[in-house]
Amino acid sequence: MELRHLEYFVAVAEELSFTKAAERLSMAQSPISQQVRKLERELRVELFERTTRSVQLTPAGQILYEEAISLLASANRAAERARLAGEGHLGHLTLAFGGMATYDLMPQLVSAYTQRFPDVILEVRSEMITPAQVAGLLDGTVSVGLLRLPVSADGLVVEVVSEEPLVALLPVNHALASRSSLNLVDLRDESFITYPSSPPSSVYQVVTSACRQAGFIPRVRQEVAETSSMVALVAAGLGVAVAPASVRQLRIPGVTHRPIRGTDASLSRALAYRSGAVPPVIRGYLEVARAVLHKQRPVSAGPIFDDSQPFLPDSL
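These notes cover the structure that comes with them.

Parameters at a glance
- Residues numbered from 1 in each chain as written.
- Predicted model: local features only at pLDDT ≥ 70, side-chain atom pairs only at ≥ 80, totals over all residues.
- Heavy atoms only, no water.
- Salt bridge = Lys/Arg side-chain N within 4 Å of Asp/Glu carboxyl O.
- Helix = DSSP H or I, 4+ residues; strand = E, 2+ residues; numbered from the N terminus.
- Buried < 20%, exposed > 50% of the residue type's maximum accessible area, 1.4 Å probe, protein only.
- Polar contact = N/O pair within 3.5 Å; in protein donor to acceptor, adjacent residues only side chain to side chain.
- Contact = heavy atoms within 4.5 Å.
- Axes fitted to C-alpha atoms, helices over the stretch in contact; angles between N-to-C directions.
- Parallel < 35°, antiparallel > 145°, perpendicular 65-115°, else oblique.
- Left-handed = near helix turned anticlockwise from the far one by under 90°.
- Nonpolar A, V, L, I, M, F, W, Y, C, P; charged D, E, K, R; others polar.
- Pairing = 2+ DSSP bridges.
- Phe/Tyr/Trp six-rings, centres within 6.5 Å; stacked < 30°, edge-to-face > 60°.
- 1 Å grid on protein atoms, 1.4 Å probe; cavity = no way out; pocket = protein on both sides within 12 Å on 5 of 7 lines; lining within 4 Å.
- Points joined across faces, edges and corners; volume = space filled by probe spheres on them.

### Structural notes on the pattern of salt bridges
1) Next: This model, assessed by the stated rule, comprises 16 salt bridges.
2) Next: Members of the salt-bridge network, linked through shared partners, are Arg-37, Glu-40, Glu-46 and Arg-50.

### Observations concerning the side chain of Thr-130
1) Next: Mapping Thr-130 onto the fold places it in helix H7 (residues 130-139).
2) Next: Among the residues examined, Thr-130 registers a relative accessible area of 7% and is labelled buried.
3) Next: Within polar-contact distance, the side chain of Thr-130 engages the backbone oxygen of Arg-148 at 2.9 Å.
4) Next: At 3.1 Å, the side chain of Thr-130 and the side chain of Ser-202 are in polar contact.
5) Next: Apart from residues no more than four positions distant in its own chain, Thr-130 is found in contact with Leu-147, Arg-148, Pro-150, Val-151 and Ser-202.

### Observations regarding the packing of helix H1 (residues 3-15) against helix H4 (residues 59-86)
1) Next: At a minimum axis separation of 10 Å, H1 and H4 run at an interaxial angle of 125°. Here H1 is positioned oblique relative to H4, judged by the angle of their axes. For the pair H1 and H4, the sense of crossing is left-handed. Where H1 approaches H4, its residues Leu-3, Leu-6, Glu-7, Phe-9, Val-10, Ala-13 and Glu-14 are matched on the opposing element by Gly-61, Leu-64, Tyr-65, Ala-68, Ile-69, Leu-71, Leu-72 and Ala-75.
2) Next: Across the contact of H1 with H4, the residue classes break down as 12 nonpolar, 1 polar and 2 charged.

### Some thoughts on unusual backbone geometry
1) Next: A cis amide bond links Leu-149 with the next residue in sequence, Pro-150, at an omega value of 10°.
2) Next: Among the secondary structure elements, Pro-150 is positioned in the loop between strand S5 (144-148) and strand S6 (156-171).
3) Next: Of note in the backbone geometry, Ser-26 takes a positive phi value of approximately 55° without being a glycine.
4) Next: Residue classification places Ser-26 among the exposed residues on the basis of a relative accessible area of 69%.
5) Next: Although it is not a glycine, Arg-44 sits at a positive phi angle of roughly 60°.
6) Next: Among the residues examined, Arg-44 registers a relative accessible area of 78% and is labelled exposed.

### Points about the pairing of S6
1) Next: Across 9 bridges, S6 lies against strand S12 (residues 266-274) in antiparallel orientation. Residue pairing for S12: Leu-156 is matched across the bridge by Arg-274.
2) Next: With 5 bridges joining them, S6 and strand S11 (residues 255-261) adopt antiparallel strand pairing. Looking at the pairing, Ala-168 lines up with Arg-258 of S11.

### A short note on the packing of aromatic side chains
1) Next: Overall, the coordinates contain 5 aromatic pairs when judged by the stated rule.
2) Next: Pairing Phe-9 with Phe-48 gives two aromatic rings, centres 5.4 Å apart and planes at 50°, and the pair type is tilted. Placement of the pair is Phe-9 in helix H1 and Phe-48 in strand S1 (residues 48-50), with a sequence separation of 39 residues. Each member of the pair, Phe-9 as well as Phe-48, is classed as buried.
3) Next: Note on Phe-18 and Phe-48: the rings are 6.0 Å apart at their centroids and 65° apart in plane angle, and the pair reads as edge-to-face.

### Considerations on empty space enclosed by the protein
1) Next: Under the definition given, this model contains 2 cavities of 30 Å³ or more.
2) Next: Looking at the largest cavity, its volume works out to about 130 Å³.
3) Next: Forming the boundary of the largest cavity are 15 residues, of which Gly-98, Gly-99, Ile-129, Arg-148 and Val-203 lie nearest the centre.
4) Next: Taken together, the elements giving at least two residues each to the lining of the largest cavity come down to H7, S5 and helix H8 (202-213).
5) Next: Each residue belonging to the lining of the largest cavity can be placed in one class, and the counts come to 7 nonpolar, 7 polar and 1 charged.
6) Next: When its volume is computed, the second largest cavity comes out at roughly 80 Å³.
7) Next: Broken down by secondary-structure element, the contributors of at least two residues to the lining of the second largest cavity are strand S8 (191-194), H8 and strand S10 (241-244).
8) Next: Ranked by residue count, the leading element in the lining of the second largest cavity is H8, at 4 residues.

Below, the structure is given as structure tokens:
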């Protein structure tokens, strides 16, 4: 039994006329009559009572008509869903965001994507450091990552989308907070709050390398995987930190940020996904992400708000 035979049958059943069914399907009457006869022989049952003046469904024909309507609707629905999936409008997508991308880019990217592809099942993983994203991309548990370079892994496509300078994070009452900018060497005697060193996050690698070029190895007091935790610990006075300039948008009271002079060290952000054939659902996200990220201004190291004064709680 073929779907087109059921389509012919349904047309005749609804028109109760082979002639009108042929007109409806823009076909000659003879092929429709032949295919309906073929269907009856295959099922070994009469589907229509035919006279020279009328065509009526038999009881068996009525049952088949009810089932055929459901089957054809399901087939059309399956074909439509396949078409939508082929255009990236259906499927499952797991997105990973590292560090500050969770706060300054994830809302824009997720909003823009869900507006264009509302029926895709979306899973978002936030504050994932680069090694964790790379592992997820390679084992297929992450579809697309927004991560920091460097990335040392074969089998991935990496598209650089922005470059950021480094800034120093200080408690607002720190002695160095009175300066408008710092050199890295000014931090040589400080305790550092850093991203993980094992496996080393991309920011950890860049910051450590820049400190070594400045003539010292940072003394790490605590490692944290989340940017929000890093900023909070600096606010608590546990140490200082060096991070990408976009961290200034995470406004936690008690922290001030200062540009760093004398180093050309910077951090690259990149979209990453598995090499090879790109599934439609990933291709759709990449189109949206490129459009959104293209509109982003380069991040400078200068302040985006006046945070030079110590934080004072509101009066009760």
